[in-house]
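# Working through the structure, step by step
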Amino acid sequence: MNLDSAREVGADFAAVAALLQIGAEIGVDQVLDSGRTFSVADLAEVTGLSQDRLRDYVYALSAAGLLADGGGNDLYRASDDYADWRHEVGYLSWALTANSPFLQNARAFLSDSKSAADAYRRDGRRVAVSSRWIGDRTFYPAVVEQVVAADAKRVVDLGAGAAGLLIDLLVQDDRRSGVALDLSPAACAAAREAAGRAGVDDRLQVIERSVESLVTDPSPLEGADVIQACFVMHDVLQDESVFEDVLRTCHKALAPGGVLAVVDAVSYGQEARERKFSALFTYLHSNFMRINLPTADQWVEKFRSAGFSNVDCVSQIMPGGRLFLATK
């Protein structure tokens, strides 16, 4: 990533964000993100769109420097700095695309937030895409590090989405098994498909359920060495008593010495590197989603109250985010 002038930063980020968002909308992001060499015909097969229209899109990506020569006629691959750009514009994608129903209807939310929340909902897939673009370089590596350090053989992912993080963990160690729990039928279907492609479907159980349901049936958690949850616990927190029950359930179900690894946001983070994005994140959640984020100290106290013997808070992940490591 080479930016010649501060005046050009915004223009470059805006252009790349739009180009990659188009790719996500038409479904070629899975090919671009894979790093493999591809042709326009490959994109046509994946998307069902005509090669002529896709060729124009590929030309635009190439002209922008996001694609490189794949070593043959009509062959392409993502540029060496493609992943860097995708991460950086993930923040733009989350702020402006994933949250577009809030931004476009801000007056309605500030007039009658309950009615507006019922009428204008975010697209879960767009939230997931932008979160992945951000998470690949920020909180995912921190969670992976903890799982590896714990030599975890059984890992449960709460709110796993398409289970990309968990599948990567299973690929890394063929002794490891996992449970991916998510409320979305589409996400669970995508997780099963991805697990099959990665050859880990025999070690991954995908369960279509809410996190809250674990209070009455904790069986998916039993014996886990690590339970991980990335930006899902603040949703559970909307009902404080249920959240407390979920934490106690996780504590009881973990194997001795097991770890609950929770990545989530804090209210108005004040480290210099995070103030702007954290301010937006906190404001949108409070005023548009009716979710009041705790401070870091409040998060820690919640884990301790649930019975965890040691709780660490790691701040060096995404702006406004923290990794909480609660040990049984």
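Everything that follows concerns the structure shown earlier in this document.
Just so it is clear, the structure is predicted and the values come from calculations on it, not from any experiment. (Residues numbered from 1 in each chain as written. Predicted model: local features only at pLDDT ≥ 70, side-chain atom pairs only at ≥ 80, totals over all residues. Heavy atoms only, no water.)

With antiparallel pairing, the 3 strands of this open sheet are ordered in space as E1-E3-E2. In this open sheet, the two strands that pair with only one neighbour each are strand E1 (38-39) and strand E2 (67-69). For E1 and strand E3 (residues 75-78), the ladder comprises 2 bridges, and the chain directions are antiparallel. What sits directly across from phenylalanine 38, in E3, is tyrosine 76. (Pairing = 2+ DSSP bridges. Helix = DSSP H or I, 4+ residues; strand = E, 2+ residues; numbered from the N terminus.)

With 12 residues, helix H9 (residues 124-135) extends 16 Å from end C-alpha to end C-alpha; this agrees with the ideal 16 Å at 1.5 Å per step. Of the residues making up H9, those classed as buried are Val127, Val129, Ser130, Trp133, Ile134 and Gly135. Regarding H9, its N-cap is aspartate 123, as a side-chain oxygen of that residue lies 2.8 Å from the backbone nitrogen of arginine 125 further along. (Expected span 1.5 Å × (residues − 1). Buried < 20%, exposed > 50% of the residue type's maximum accessible area, 1.4 Å probe, protein only. Polar contact = N/O pair within 3.5 Å; in protein donor to acceptor, adjacent residues only side chain to side chain.)

With that out of the way, let us pick up the packing of aromatic side chains. For the structure on display, the rule yields 18 aromatic pairs. Taking 5.2 Å as the distance between ring centres and 80 degrees as the angle between the ring planes, the aromatic pair formed by phenylalanine 102 and phenylalanine 109 counts as edge-to-face. For the pair shown, phenylalanine 102 and phenylalanine 109 are each scored as buried. Between phenylalanine 109 and phenylalanine 288, the aromatic rings sit 5.0 Å apart at their centres with planes inclined by 45 degrees, giving tilted as the arrangement. You can see phenylalanine 109 sitting in helix H7 (residues 106-111) and its partner phenylalanine 288 sitting in helix H15 (residues 275-288), a full 179 residues away along the chain. Pair check on accessibility: phenylalanine 109 and phenylalanine 288 agree, each one buried. (Phe/Tyr/Trp six-rings, centres within 6.5 Å; stacked < 30°, edge-to-face > 60°.)

Note on placement: arginine 176 falls in the loop between helix H11 (164-172) and strand E5 (177-182). A relative accessible area of 3% places arginine 176 in the buried class. If we ignore the near neighbours within four places in the chain, the residues touching arginine 176 are Val147, Val148, Ala152, Lys153, Val155, Leu169, Leu170 and Arg203. (Contact = heavy atoms within 4.5 Å.)

Pairing of strand E9 (residues 310-314) with strand E10 (residues 321-327) involves 5 bridges; the strand directions are antiparallel. Bridged to cysteine 313 within E10 is phenylalanine 324. Here E9 folds back onto E10 in antiparallel fashion, the turn holding 6 residues, of which glycine 320 has a positive phi close to 85 degrees.

Turning next to the pairing of strand E7 (residues 226-230). The buried count for E7 comes to 5 of 5 residues, which makes it a mostly enclosed element. Sheet analysis places strand E4 (residues 154-158) next to E7, joined by 4 bridges and oriented parallel. Looking across to E7, one finds that aspartate 157 is bridged to glutamine 228. In terms of strand pairing, E7 meets strand E8 (residues 259-265) through 5 bridges, oriented parallel. Of the residues in E8, the one forming a bridge with valine 226 is valine 259.

Let's shift gears to helix H4 (residues 51-63). In this model H4 runs 18 Å from its N-terminal to its C-terminal C-alpha over 13 residues, within 8% of the 18 Å that 1.5 Å per residue would give. Among the residues of H4, those classed as buried are Leu54, Tyr57, Val58 and Leu61. For H4, the arc enclosing every buried residue in end-on projection is 100 degrees, short of the 170-degree limit, so these residues lie on one face. In H4, the exposed positions that point more than 90 degrees away from the buried face belong to Asp52, Asp56, Tyr59 and Ala63. Once H4 ends, the next one or two residues include glycine 65, with phi positive near 85 degrees. (Arc of directions from axis to C-beta.)

Any functional reading would require information that these geometric values do not contain.
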